Each structure stands twice: as C-alpha cells, then as structure tokens.
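Spelled out from the first residue to the last, the chains are:
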Amino acid sequence: IPVFILAGLLVHCVFLVSIFDIYFSSPLVHGMTPQQTPLPPPAKRLVLFVADGLRADSLYELNSNNTPQAPYLRGILENNGSWGISHTRVPTESRPGHVALIAGFYEDVSAVAKGWKENPVEFDSVFNESKYTWSWGSPDILPMFAKGATGDHVYTFCYAAESEDFGAQDAAKLDMWVFDRVKSFFNSSRSNQTLFSALNEEKVVLFLHLLGIDTNGHAHRPNSREYKENIKKVDEGVKEIALMIDNFYGNDGKTAFILTSDHGMTDWGSHGAGHPSETLTPLIVWGAGVNYPQKVTSQFFEDNFLKEWKLENFKRLDVNQADIAPLMASLIGVPFPLNSVGTLPLEYLNNSAHFKAESMFTNAVQILEQFKVKMSQKKETTLSFLFTPFKPLSDSEQINFLKKTRLYIQQQKYDEAVSLCKTLINLALEGLSYYHTYDRLFLGLSIAMGFVGWTTYVILVIIKTHTNLTKTVQTNNKESTVLFYSFAFVGMIIAFFLLIQTCPWTYYVYCLLPVPVWYAVVRELPVIQDLATNLMSPHIGQSIGFLLVCTLGIEILVFSFFYRSTLTIGLLVFAGWPVITQLWVQAKTTALIWTLLCVLLAIFPLMPVVGREPNIPLVIATGLLTFLISCFSLSSLCKSENKYRSNEDLKVCFYQMLSIALSTYVVSSTHDSLKNKQGLPVLNQIISWMTLVSSSVLPLLSPTFLFQRLFSILLSLMSTYLLLSTGYEALFPLVLSGLMFVWINMEQEALQHYGLSFKPKLAVFNFAYATDITQFRQLHLDDVRRSFFFVFFIVTAFFGTGNIASINSFDPASVYCFLTVFSPFMMGGLLVLKVVIPFVLVSCAFEAVQVTTQLSSKSLFLIVLVISDIMALHFFFLVKDYGSWLDIGTSISHYVLVMSLTIFMMLMNGLAQLLTAKRLELPRRTKHHST
C-alpha cells in the first residue's frame, strides 16, 4: 500500500502545482528595443514619494472639524497640481505594488512567492532607464530595483530591518529617518563636487519610500490616532523636502513631484486581497510639466467619495497603477520601461498637443514591440499547421495603424492620432494576453484527463479490495502485453509531439501523467464489466438514485465554498437524517440530541466573518461553560466504581480543568491590558505558551477508553483555542465536539439498524486494543454516507468559524495572547493552529467511528479521497485569471484549499490515530509492604 499512497501524493502534488503553470506564469518577454519620445521633456528631475499602505480616503477625507488630514498636500491639489485615485491589483502587497509603479507591469502571482528583496525575474524599470537614481527607505523594497539595474547608477540607503517593529512606540520614526537622510544628503552635496554635478544632470530620479504608515496601520488599524498622526508627519516631511529641493535648484521649475501609495489597507489592518479599501490609493502630481487643477461644475463617478471629501469641483483623474510608470518616463524624457503595460494618462500632462501625440505614439509602439516578441516566440514553438494567429493585429493591420498615426501627426490632427494609438494599445494588450494563454485549453484538458483517470482508479481499488461486488477475475497474459505496448506507443507519440515543439519539461509531466493512470484503469476492465453486470440486472433504479444523491451531496460541498450559508442547509438536512432512515425508532434520546446539536451548529455559518468585532465577554463565558462541563464530568468519573480508574487519571483531568480556568483569565486580562496601552503582560505570555505546549501532551496521559480519551482531547485543545479566540468562534469547538460524540453513538445505531454487526459497549470500548480484536468487515453502501459526513464536517470546521476562502480572513488580534511584535511566521503558525483545532476534533471522532464500526481506516479513507478529488476537479475548472481581483484570489485559494485538504487529510488520519490510541505511562510509585 505505501506505493499507492506515494503515487497518490505525487499525483496530487502535480495537480496542485499545475494550476500555477497553466494560469499564472510570468508575462515577461525579453528582446524589445527601447522607445523614447523624440521631443524635449518638461522636467529634468522627478521626486517620487511612496507612502506605503496609505489608503485614498485616509489622505483625502476631512477631519471632524473640516480641516484636511494633510494640509500641504490638500493645498497642492487645490492650487498647483492634478490628483486622482490609482487603482492597484491583487495581490495588494508591497512588492507587486512597487513593481507596478516603477516598472509598469503587474507581476504574476507566482513571482510574489519567490522572495521580496531579490529580483526573481529580470525586469526593466524607470530607475534603470534614468541617468541616476537615489533612493531611501526600507530594506525590503529598495534592493530589488538596484539589483536588476544595468551599470552602477541606482543608489540605495536603507535602515536596519529590525526597525520595523509592530509593538514599537511609534513607527513614524521610520519616515522621519528618511526625511532627515535626504536633507543631510543634499547638504553634503554642496561640499562634494562630483555629487553636486551628478545631481544637476538631466533624467535624475529621487525615490523616498515611507513605511511608517503601513507599520502603524498593521499595529493600530487605519482608523487609529497613530495612523492619522503619521499622515500628518508625512505631509510636513513632503512639504520640507519639496521646499528644500526647489531652493537647492534655485527654483528653476524643472522638478516634477509624485506622491502615491503601493496599496491600501482593510479596516482590520491587513492587506493582500481585493477589497476597495486595499486597491484604492491616492495619486497627487505637481511641478514641471504637470497640469494645474481643472475646475469643473459636475463629474460622475460610481462611488460617492467626491462629496465626502468636498472635492466635487476639482477634476479627479483616475489611473491604473501601472500607468504611473509611463507618466514618470514621459515627464523626464527617458525610454518607457520595456515590459510596461501602462497607458500614459495624458490629462496629467501640461504640454503641447504635439508632445502628447508623440508620447502616446511612443507608448503604443512600445507595447506593440512586446506583442511582436510574444507572437514570434509562440510561432517558433508551435507546428506551423497548428498555429492560429491573433486576427485583429495581423502584420498588415499593424503597418496600417502605424502609417495612419504618423500621417495624422504630420497633418497636425493630434486628437485623431491619440485615439488611434489608444485603440492600438488595447488591441496589443488583448493580443499579449491571447498568446500568453495560448496553451491553456490543451494543458487544462490533459490535467482533467489525469484527474478523472485517477479518481476512477481509486473507485476501482475500493470496489476490488473492500467490497464483495465483484468475483475474482483471471487476467489474460497475451491481452495485457498488447495493452502495455499500445499505451507505451501512445506515450511515445505524445512525447515526440512535445519534443518537436520544444516545450518546457513541465508540459511532459502534465501530458504524460494520464497515460500510466489510464493504463492502470484499463487493466481492470474485467472488474468494470463484472461490476456493470452486477449493477444492471436487478437494481438499476437504486444505482441511479444512489449516484444522484452522491452528486447532489458533492455539489452542496462545492457551493459552500462560495456561500457559507449552504452549510446551514446541509446541517438541517443532517438533523432530519434519523427521521428519514427510521433510526429514531430505536434510539429516541440520541436522535433528539443529534437533531438539536445539528440545528445549533447550523447557526455558525450564518454568523458574520471573524475578526471584525471582538467580543471578549463571550469568550470568557465560553471558558466558564467549558469549566462547568469538565467539573460535571470529573464528578461523574469520581462516582463511577470503575476498577480501571486510578488517581493519575483524576490528576490529569484536574490539570486540564486548571488550564481552562487559566486560559479564561489570561484572555480577559490581556485584552484589558492592551486596551489601556500597557502591552502584553509577561506572565500572561508565559501561561499562554505553556498551555499551548501542554495541550499536545496531556491527552496522551489520559486513559484510552473511548469517551474519556476524546473528552480529554477536547479539553486540551479547548484551552488553546480560547487563547486564540476573539469572538463567537470560541463556542464553535464545544458545539462541534458535542455533535461528534453523538455522531459516534448514532453510527452504532446505524450499524445495528442495517444488521451489520453486534453492538460493542461504547462505555468500556478501549482504543488501545481496538486494532487487535475486531475483524474488519467489508464495505457497505452506508459507509459512503459515513465518509461524506466526515468531509462535510471537515468543511464545516473550516467555514463555520467565520473563515472566508481567502488569505485575508485572518485577524492578527487573535494571537495577541501569545505575541504582539510582528513576526509573520509565528503569527501565521498560530493562525493555522487555530484553523487546525476543529479539524483535529473531527478527525479523532472519525477515527472513533471507524474503529467502533469495525472498518479498516484505509477503506473509508479511500472513499474520502474520491469525494475530495471530485470537488477539486470542480474548482480546477472554476479557477479564473480575469475579472475582479477579488474573484481571482478566491478562485485560486479555493483550489489550493481543496487540494491541500486532501493532502492534509492523509496527515490528519495519522495524527488522529496517535492521539486516540497511544498512551504515555507516568512512572508509578510502588508501595512496599512490610512483613
């Protein structure tokens, strides 16, 4: 069997990785010629301020007393320059944001994972095209633009990485550092002749990266006093720097200034997904070559921001984030970055119509260059008779466009020229994406083939080894050799085709994977025929009905990823399960409790998403409730005259009660202390970490009787879960595990109901001996329902606590009992632990169900594998790479979630066996009898 499991893991890993190859590969091409506007530029130098993590509304809105948040910038926007909103794309993180601003293209999702500071893909940027660039700020951002630059003309000045502390008194000092350094840099240049002459060159860029706002937003939320104070400080800093630079150059009017942000931030202090608060960033441009404020009487936008900000009369010019790179290139007259896909926002330019038309033409040619390179690359690697070109931009069409535009510019019909260029740019971008996704259908189909083949094979294995539906069939040797060679031949043909077209090695994996998988399926053809005759003869109606019910169940699970409330419907159906199957006749109380708990659990998926409004009193109440339940169980344990009971067991139980009480106290005192800005008390931190460590060991000390062991696991995990809770989700594990206990009892009743076995007494059932005594039985149709219940409960365990299927549903506040200084891996680990705890509860219950219903854990696990594979196939086809960024992000995380759930269930299975069956013996003191 290890071979089977390894094959399974391999197949699933290929499926998981394939999505990044098929949907998200780097869009960059190399080998274009740089394009530059032939006319002289308006500015000699450009100053770029990037206020990391600054939301558009935080900068533009007025305070309660109608004064602006940033008085200097507000004055510029009203009197000197142009303004708007820059729309960013997901993932809204610092690295992709800066690449879009400075290099003009949107990084694909996979590049983000390849590291922040390094330059994983070589790309061209405005800094690289400039004569000199000086930059100040964070060590996370600056090096990646210096690293990719040719020659030695991009200089960086960074502070130490340790300065970025979330628990610090004030992060605004990071910004003060930058402003002070820039001032001293200019002062020192007066006495340094080489530096002075370099600063007076043309095509110079100064880049100030201001991280304080982002750090304060993470630590205190964007609505906090700290975040707003930081904006004021940045405003004053920008004012001082602008005045100082103007003085330094003797007010020559040749400096352009841009202030913008790389991404925004949600109200709960996170960023990364596609919420408007994360994707709307401010853009203010002033100085040489920039338009003055344009007064308008009315302007229409779908949002109501203009009214809120009292800016209805100043023309708002919105851009996409990548449009800022061509804007900077045009202002100082450097070639547009080679990979830029931005469109020059002409309304920002204060220049002749001729200059605008020429700039737009340069922009169009630069994007068309990329299209040509991409097209020739595809043409080279595709057989000529298979190649279908992008129709709207054939070679003749391209020449036609360029000729027309040139003619218009010569005839001084500049508006017509500009609109033609815009059409050309849009077509070229469409063509780029057409060639970028050229192989997608073909790869998607081969992955789907592999998926279907694999699932079919697993179903056949289940039927062959774990049921008595088929007779043993003799195989014919001659036939099998023919089969083997024909499949080998098909594989060779596929490989040959890929070889001619010089495809990357991953294509071989995706296209050749279905071959061995389907070979394994076709080898079992006799089993399939035998099965077909068995099912067809008497119960054709039953078989079809059963299949329909299965499909419906899986569809409900898939749906629940999009709408959490679907789980509520599912749980209500579960509540009626005893009635439908007549189980309640033989066990009325159990069935009643089951129905009640299902209805209770059904409330959770309807609750709001986690982390929005903390509700500490509810967490404390849950702690007390758990404490009461454990008291009740302890007293019943003391009363029971059980010959197996020892004092050690009582001690373990007592320790667990103590830790529940301590956790409850820690939660309340920590949150009070943080509210009063006193930081995290050290004692609380020590207790939290000790609870976390002990909770993994304590269950292993408790007796291995079914309910005692499961209850002990619940208490241990509950004490950790309380520390990680901030609201109603604290109640969830209690209700869930209650339902799990009843589920184990219900499954016993179901076994008897179908007359499958005798009834072992659950009270004295012992995990430790379970594997020896029981004779494993064959699978029955009812076991498919068991497996489905398990998958359903696992999905409920994930979505019931208010998680959404996105990276963004996690609230940093839930780890404050453990640590407050930002460390992404620790925080990430604790948040994953919080997600895993309900999973462990469900897995342990499932383990108990398997053991008490006398099944080998492998057979049920295979059914679970089939169910989750069918779900994954659904999500594979639902992955998007277009549309709103929120959709793209969620579609990826859905697929990754389902695939990792499958890989994860294999691990959970092992963990559950360990937690339920193993026991650590404490050394006992032996009593000496004196004679």
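Cut-off values and rules
Residues numbered from 1 in each chain as written. Predicted model: local features only at pLDDT ≥ 70, side-chain atom pairs only at ≥ 80, totals over all residues. Heavy atoms only, no water. Helix = DSSP H or I, 4+ residues; strand = E, 2+ residues; numbered from the N terminus. Buried < 20%, exposed > 50% of the residue type's maximum accessible area, 1.4 Å probe, protein only. Contact = heavy atoms within 4.5 Å. pLDDT = per-residue confidence, 0-100. Pairing = 2+ DSSP bridges. Axes fitted to C-alpha atoms, helices over the stretch in contact; angles between N-to-C directions. Patch = residues over 30% accessible without salt bridge, like charges linked within 9 Å, V, L, I, M, F, W, Y side chains within 5 Å. Areas by Shrake-Rupley, 256 points an atom, 1.4 Å probe, with all protein chains shown as cover. Salt bridge = Lys/Arg side-chain N within 4 Å of Asp/Glu carboxyl O. Expected span 1.5 Å × (residues − 1). Polar contact = N/O pair within 3.5 Å; in protein donor to acceptor, adjacent residues only side chain to side chain. Parallel < 35°, antiparallel > 145°, perpendicular 65-115°, else oblique. Nonpolar A, V, L, I, M, F, W, Y, C, P; charged D, E, K, R; others polar. Core = buried A, V, L, I, M, F, W, Y, C linked by side-chain atoms within 4.5 Å.

K.L.:
Is there a simple way to think about the overall build of the protein in this case?
P.N.:
Secondary structure assignment for the protein yields 36 helices and eight strands. Looking at the protein as a whole, 54% of its 931 residues qualify as buried. Long-range pairs, those at least 24 residues apart, make up 80% of the contacts in the protein between residues at least 6 apart in sequence.

K.L.:
Help me understand the confidence of the model for the protein in this model?
P.N.:
If pLDDT is low for a region, its predicted coordinates should not be looked at in detail. On average, the protein scores 83 in pLDDT, and the residues at 70 or more come to 88%. Confidence drops under a pLDDT of 50 for residues 925-931, and excluding neighbours within four residues, the segment shows zero contacts in the predicted structure.

K.L.:
Looking at this model, I keep getting lost on the sheet that holds strand β1 (residues 45-51). Mind explaining?
P.N.:
In a beta sheet, neighbouring strands pair by backbone hydrogen bonds and run either parallel or antiparallel. Here eight strands make up an open sheet; going across it, the order is β4-β3-β5-β1-β6-β7-β2-β8 and the pairing mixed. In the strand order of this sheet, the two ends are held by β4 (154-158) and β8 (319-320), each with one partner. Here five bridges tie strand β3 (residues 132-137) to strand β5 (residues 204-210), and the two strands are oriented parallel to one another. The residue of β5 that forms the bridge with Trp134 is Leu206. Most of the contacts of helix α8 (residues 173-189) go to β5, to which it runs at about 155°, and overall it touches β3, β4 and β5. Taken strand by strand, helix α11 (residues 225-248) contacts β1, β5, β6 (255-260) and β7 (280-287), and its axis lies near 170° from that of β6.

K.L.:
Just checking my understanding: could you explain a nonpolar patch on the surface for this structure?
P.N.:
A cluster of nonpolar side chains, namely Phe385, Leu386, Phe489, Ile493, Phe496, Phe497 and Ile500, defines an oily patch on the protein surface of about 740 Å² accessible area. Mapped onto the elements, Phe497 comes out in helix α19 (residues 477-500).

K.L.:
Just to check I follow, could you spell out α19 for this structure?
P.N.:
For α19, with 24 residues, the first-to-last C-alpha span of 35 Å sits near the 34 Å given by 1.5 Å per residue. Looking at the buried positions of α19, the neighbouring elements they touch are α18 (440-466), α20 (505-512) and α21 (514-523).

K.L.:
Can you walk me through the side chain of Asp439 in this structure?
P.N.:
Here Asp439 is to be found in the loop between α17 (414-436) and α18. Polar contacts involving the side chain of Asp439 include one to the side chain of Tyr507, which spans 3.0 Å. In this structure Asp439 touches Lys378 and Tyr507, once residues within four positions along its chain are discounted.

K.L.:
Teacher, can you tell me more about the pattern of salt bridges here?
P.N.:
Opposite charge on two side chains makes pairing possible when the charged atoms of those side chains draw close. Within the structure shown, the criterion is met by 17 salt bridges. Two residues, Glu226 and Arg225, come together in a salt bridge whose shortest N-O distance is 3.9 Å. For Asp439, the salt bridge identified is with Lys378, shortest N-O distance 3.7 Å. Of this pair, Asp439 sits in the loop between α17 and α18 while Lys378 sits in helix α15 (residues 353-380); the two residues are 61 residues apart in sequence, bridging distant segments of the chain. Look at Asp439 and you get buried, because its relative accessible area is 18%. Residue classification places Lys378 among the buried positions, given a relative accessible area of 17%. Because the salt bridges share partners, they merge into one network encompassing Glu747, Asp783, Arg785 and Arg786.

K.L.:
Got a minute to help me understand the packing of helix α31 (residues 732-753) against helix α33 (residues 781-799) in this structure?
P.N.:
For any two helices packed against each other, one specifies the inter-axial angle together with the distance between the axes. For the pair α31 and α33, interaxial distance at closest approach is 12 Å and the crossing angle is 180°. One way to sum up the angle between α31 and α33 is to call them roughly antiparallel. Contact residues: Phe732, Leu736, Leu739, Met740, Trp743, Glu747, Ala750 and Leu751 in α31; Asp782, Arg785, Arg786, Phe789, Phe790, Phe793, Thr796 and Ala797 in α33. When the residues that make up the contact of α31 with α33 are grouped by side-chain class, the tally is 11 nonpolar, one polar and four charged.

K.L.:
Would you explain the pairing of strand β2 (residues 82-87) in this entry?
P.N.:
Look at any regular strand and the pattern is simple: side chains alternate between the two faces of the sheet. Among the six residues of β2, five are classified as buried, and the element is accordingly described as predominantly covered. Both β2 and β7 contribute to a ladder of six bridges, which runs antiparallel. Pairing of Ser82 across the sheet is with Val285, part of β7. Relative to β8, β2 runs parallel, the two being bridged by two bridges. Residue His87 lies in a different strand from β8, and its bridge partner there is Asn320.

K.L.:
I'm lost on the nonpolar core in this one. Help?
P.N.:
Taken as a class, soluble globular proteins show a tendency for nonpolar side chains to be buried jointly. By size, the foremost hydrophobic cluster in this structure holds 128 residues, and its most contacted members are Phe574, Trp594, Trp743, Phe793, Met871 and Tyr895. Ranked by residue count, the leading element in this core is helix α34 (residues 824-852), at 15 residues.

K.L.:
Honestly, unusual backbone geometry in this entry has me stumped. Any pointers?
P.N.:
Generally, phi is negative for residues other than glycine and the peptide bonds are trans, each holding for most cases. Even without glycine at this site, Lys203 takes up a positive phi of about 55°. Topologically, Lys203 is positioned in the loop between α9 (193-199) and β5. Of the residues examined, Lys203 reaches a relative accessible area of 25% and is grouped as partly exposed. Even without being a glycine, Asn251 presents a positive backbone phi close to 45°. By relative accessible area, Asn251 is classed as exposed at 55%.

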